[in-house]
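Observations on chain architecture
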Amino acid sequence: MQFSSDCFLPRFWFVFLLIVVVGVAVDCNSEGDALNAWKSQLVDPNNVLQSWDPTLVNPCTWFHVTCNSENSVTRLDLGNANLSGTLVPQLGQLANLQYLEVFGNNLSGAIPTAIGNLTSLVSLNLQHNQFTGVIPTSLGNLISLSYLNLNGNKFSGIIPSDLFQLVQRGNLRVMNVSDNMFAGTVHRGNLTLTTIIQDPKAS
């Protein structure tokens, strides 16, 4: 039996396109899986996460989630949502995330090291929660970060020198680390444009 090239080519392109579409769907669904893993660790008395249905193709129709034109998550807006629980390492899989806004909740525990994978992140707003532990050095990888708000938590230790690199690059506009249990102070260089807000302590 012979097959004509005219019949073969349409089938080839159909299979190719199918592979591409399935690949995109898997990527989008992996972001949904990451968010669902986080949801499973949260206590949500006001049901603000009720729309987070892991059976959907992607999380772009979920409330408090914003996606780009490629159906990849770019924003999580969950400020003042009365959530408790922890952040999870799976959040580090949201490669295009630009805004992580979870201020004014009752979130606790440490910042996962994997948050340092979010190199597109512009704003990390964790203020007024119950976070503890030290700031992971991996946050120094957040080369796009402009706003870092960690105030009003229970962080301790010293602020890692890796964060100073963000200050030196000039991208970081605001770093608020006040109302925590940090040791020492951050000294603002003469040439940096970063606004540093901290508790007045002797170095």
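Residues numbered from 1 in each chain as written. Predicted model: local features only at pLDDT ≥ 70, side-chain atom pairs only at ≥ 80, totals over all residues. Heavy atoms only, no water.

Observations regarding the overall build of the protein
Note the threshold: Put simply, DSSP marks the helices as runs of H or I at least four residues long and the strands as runs of E at least two long, and each gets a number from the N terminus on. Type-normalised accessible area, obtained with a 1.4 Å probe on protein chains alone, sets the label of each residue: buried when under 20%, exposed when over 50%, and partly exposed for intermediate values.
Counting its secondary structure elements, the protein contains two helices and 13 strands. Split into buried and exposed, the 203 residues of the protein put 40% on the buried side.

Details of unusual backbone geometry
The backbone of His128 sits at a positive phi, close to 55°, despite the residue not being glycine. Note on placement: His128 falls in the loop between β7 (123-125) and β8 (130-133). Of note in this structure, Asp179 is not a glycine but carries a positive phi near 55°. Relative to the elements of secondary structure, Asp179 occurs in the loop between β11 (174-176) and β12 (181-182).

Some points on the UniProt feature "domain: Leucine-rich repeat-containing N-terminal plant-type" (unreviewed entry) in the protein
To keep it simple, the criterion reads: UniProt positions are given in the numbering used here, feature names are shortened, and annotations may be inferred rather than shown by experiment.
According to UniProt, the "domain: Leucine-rich repeat-containing N-terminal plant-type" (unreviewed entry) feature falls on residues 29-68. Here residues 29-68 runs as 28% helix and 12% strand, with 15 Å between its end C-alpha atoms.

Comments concerning the sheet that holds strand β4 (residues 84-86)
We apply this condition: At least two bridges found by DSSP between two strands is the condition for calling them paired.
Strand order across the open sheet formed by six strands is β1-β4-β6-β8-β10-β12, with mixed pairing between neighbours. The sheet terminates laterally at β1 (42-43) and β12, the two strands that pair on one side only. Sheet topology note: the strand β10 (residues 154-157)/β12 ladder contains two bridges and is parallel. When the sheet's bridge partners are listed, Ser156 is paired in β12 with Met181.

Focus: the sheet that holds strand β13 (residues 195-197)
Stated formally: Lines fitted to C-alpha atoms define the axes, with helix axes restricted to the stretch in contact, and inter-axis angles between N-to-C directions lie between 0 and 180 degrees.
The seven strands are arranged β2-β3-β5-β7-β9-β11-β13 in an open sheet whose pairing can be described as mixed. Looking along the sheet, the strands with just one partner apiece sit at the ends: β2 (65-67) and β13. This sheet shows a mean twist of 10° between the axes of neighbouring strands, independent of strand direction. Bridge count between β2 and strand β3 (residues 73-77): three bridges; the pairing is antiparallel. Bridge pairing in β3 places Cys67 opposite Val73.

As for the confidence of the model for the protein
Just so we agree on the cut-off: A residue's pLDDT is the predictor's confidence in that residue, given on a scale from 0 to 100. What makes two residues a contact is simply this: any of their non-hydrogen atoms within 4.5 Å.
With 78% of its residues at a pLDDT of 70 or more, the protein has an overall mean of 84. This stretch, residues 12-28, has a pLDDT under 50; its non-local contacts, to residues over four places away or in other chains, come to six contacts.

Let's talk about the packing of aromatic side chains
Aromatic rings considered in pairs are described by the distance between their centres and by the relative angle of their planes. Filter applied, for reference: Centre distance within 6.5 Å is the pairing criterion for rings of Phe, Tyr and Trp, where only the six-membered ring of Trp is used; planes under 30 degrees apart are then read as stacked, over 60 as edge-to-face, and the remainder as tilted.
Counted according to the given criterion, the structure contains four aromatic pairs. Consider the rings of Phe131 and Phe155, whose centres lie 6.1 Å apart with planes at 5°: the pair is stacked. Of the two residues, Phe131 sits in strand β8 while Phe155 sits in strand β10, which places them 24 residues apart along the sequence. Under the relative-accessibility criterion, Phe155 is labelled buried at 0%. Where Phe155 meets Phe182, the ring centres are 6.3 Å apart and the plane angle is 10°; that geometry is what we call stacked. Of the two residues, Phe155 is situated in strand β10 and Phe182 in strand β12; the sequence distance between them amounts to 27 residues. Among the aromatic residues, ring-to-ring pairing joins Trp38, Trp52 and Trp62 into one connected group.

Quick notes on the environment of Asn171
Selection rule: In the analysis that follows, any N or O atom pair within 3.5 Å is treated as a polar contact, provided that within protein one partner can donate a hydrogen and the other can accept it, and provided that, for residues neighboring in sequence, both atoms belong to side chains.
Structurally, the position occupied by Asn171 is in the loop between α2 (161-169) and β11. Residues Asn171 and Leu142, spaced 29 residues apart in sequence, show a C-alpha to C-alpha distance of 9.9 Å. Once you skip the residues sitting within four places of it in the chain, Asn171 turns out to touch Ile143, Leu145, Ser146 and Leu166. Only 2.9 Å separates the side chain of Asn171 from the backbone oxygen of Ile143, close enough to count as a polar contact.

As for the pairing of β10
Looking at chain direction, β8 and β10 are connected through two bridges and run parallel. For Thr132, the partnering residue across the bridge sits in β10 and is Lys154.

What to know about the state of the cysteines
Note the following rule: Note on terminology: disulfide denotes any pair of cysteine sulfur atoms within 2.5 Å.
Applying the stated criterion across every chain yields a total of one disulfide. Paired through a disulfide, Cys60 and Cys67 show a sulfur-sulfur distance of 2.2 Å. Because the sign of the S-S torsion sets the handedness, a value of about -95° for the bond joining Cys60 and Cys67 places this disulfide among the left-handed ones.

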